[in-house]
Amino acid sequence: LRDGPLLGVRVVVTAGPTREPIDPVRFITNRSSGKMGYALAAALAQMGAEVTLVSGPTALATPPGVNRIDVETAAQMLDATRAEAAGAQILIGAAAVADYRLHTPSAHKIKKKTDTLELSLVKNPDILCELRRAYPDLFIVGFAAETERLAEHARDKLARKQLDLIAANWVGEGRAFERDDNALHVFWNGGERELTQKPKADLARELAMLIAERFRSRTGA
Ligand code: C5P
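Conventions we followed
Residues numbered from 1 in each chain as written. Predicted model: local features only at pLDDT ≥ 70, side-chain atom pairs only at ≥ 80, totals over all residues. Heavy atoms only, no water. Core = buried A, V, L, I, M, F, W, Y, C linked by side-chain atoms within 4.5 Å. Buried < 20%, exposed > 50% of the residue type's maximum accessible area, 1.4 Å probe, protein only. Helix = DSSP H or I, 4+ residues; strand = E, 2+ residues; numbered from the N terminus. Contact = heavy atoms within 4.5 Å. Phe/Tyr/Trp six-rings, centres within 6.5 Å; stacked < 30°, edge-to-face > 60°. Pairing = 2+ DSSP bridges. Axes fitted to C-alpha atoms, helices over the stretch in contact; angles between N-to-C directions. 1 Å grid on protein atoms, 1.4 Å probe; cavity = no way out; pocket = protein on both sides within 12 Å on 5 of 7 lines; lining within 4 Å. Points joined across faces, edges and corners; volume = space filled by probe spheres on them. Nonpolar A, V, L, I, M, F, W, Y, C, P; charged D, E, K, R; others polar. Near = heavy atom within 4 Å. Polar contact = N/O pair within 3.5 Å; in protein donor to acceptor, adjacent residues only side chain to side chain. Areas by Shrake-Rupley, 256 points an atom, 1.4 Å probe, with all protein chains shown as cover. Sits in = over half its atoms within 2 Å of the grid points.

Enquirer: Looking at this structure, how should I read the nonpolar core?
Expert: One broad rule of soluble globular proteins: the nonpolar side chains tend to lie buried together. Ranked by size, the top nonpolar core spans 37 residues in total, and within it L6, V13, L44, I90, I92, V186 and L207 carry the most contacts. Counting only elements with at least two residues in this core, the list comes to β1 (10-15), α1 (35-46), β4 (50-55), β6 (90-93), β9 (139-146), β10 (165-170), β11 (181-188) and α5 (200-219). What V13 contacts, discounting residues up to four positions off in sequence, is G37, A41, L44, V51, T52, L53, V54, I92 and A94. With 23 residues, the next largest nonpolar core counts L91, L128, L131 and A144 among its residues.

Given below as structure tokens:
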């Protein structure tokens, strides 16, 4: 039996890292575990939402009642997210998308013939920016992981990516990534809220409640 403040609302959540191939056996990635995105997907489903998780490679189990689509690269994540967001009301970008990919991944395994090796990288598209362009009415939530000037960078991203809400957290030196607890400072146009340090599952429930509240207040429901 399903019930809750997001009953019938369709939500797409991106989560985990992306993998950008260097050659058939190597890739560039990052330290994202996917825990925050998965915990958020679970919390939203418990609140009655119809949740699709577009996930990079993680070691996590799919939360109960959540539809999961597995991807590897940023380009695949963009395509899957764009397709899933058609008909959705909320998009949450919890993925740690690689900023760059190889200009031309090698078709064959690169051999260690030289003392130095240069890789040429090109910028990946920003999934949230692309989705804002495609779906102007989508309620979009972003994350900002920062090592300095958290509030300033978060507010800047809120404006630049035309987000409805942004959840910012400190990273580096044993913080956030690969950990089971986290703290968030959430910003939106006209407000902010601090969610204090706690297990990611509890934090995800608080953030999901706040997202539901802001979504409802924007749609006037
Ligand atoms: O600009 P930055 O990567 O710090 O922004 C982080 C936010 O943007 C996260 O919500 C992340 O999921 C999203 N993002 C994205 N596509 C990218 C890079 C980041 O959707 N290529």
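After that view, the rundown keeps rolling.
Enquirer: What exactly am I supposed to notice about the packing of aromatic side chains here?
Expert: Here a ring pair, both rings aromatic, is described through the centre-centre distance and the interplanar angle of the planes. In this structure the tally under the stated criterion is 1 aromatic pair. On the basis of an interplanar angle of 85° and a centroid distance of 5.8 Å, the ring pair of F139 and F215 is categorised as edge-to-face. Note that F139 is positioned in strand β9 and F215 in helix α5, a separation of 76 residues in sequence. Across the pair, exposure class does not vary: F139 and F215 are buried alike.

Enquirer: Please explain the sheet that holds strand β12 (residues 191-199) as it appears in this structure.
Expert: Where strands meet in a sheet, backbone hydrogen bonds hold them as pairs that are either parallel or antiparallel. Spatially, β5-β4-β1-β6-β9-β10-β11-β12 is the arrangement adopted by the 8 strands of the open sheet, whose pairing is mixed. Edge positions in the open sheet fall to β5 (67-70) and β12, since each of these has one partner strand only. Neighbour-to-neighbour, the strand axes of the sheet open up by a mean angle of 15°, direction not taken into account. As judged from the 4 bridges shared by β1 and β6, these two strands associate in the parallel manner.

Enquirer: What should I look at first to understand the layout of surface pockets in this one?
Expert: It is a probe the size of a water molecule, rolled over the atoms, that shows where empty space is left. The volume enclosed by the largest pocket comes to roughly 970 Å³. Surrounding the largest pocket, 41 residues form its lining, A95, A96, V97, D99 and F143 being those nearest its centre. The set of elements that each furnish at least two residues to the lining of the largest pocket consists of α1, α3 (127-134), β9, α4 (150-160) and β10. For the lining of the largest pocket, the element with the highest residue contribution is β9, accounting for 5 residues. Class assignment for the residues of the lining of the largest pocket results in 19 nonpolar, 13 polar and 9 charged.

Enquirer: What exactly am I supposed to notice about the site of the ligand here?
Expert: Lining the immediate surroundings of the ligand are G93, A95, V97, P125, D126, I127, L128, G142, F143, K157 and K161. In the model, a nitrogen atom of the ligand is placed 2.9 Å from a nitrogen or oxygen of the I127 main chain. Here an oxygen atom of the ligand sits 2.8 Å away from a polar atom, N or O, in the main chain of F143. Contact with the protein chains hides 85% of the accessible area of the ligand, taken as 450 Å² for the molecule alone. Structurally, the ligand is housed in the largest pocket. Broken down by class, the residue content of the shell around the ligand amounts to 6 nonpolar, 2 polar and 3 charged.

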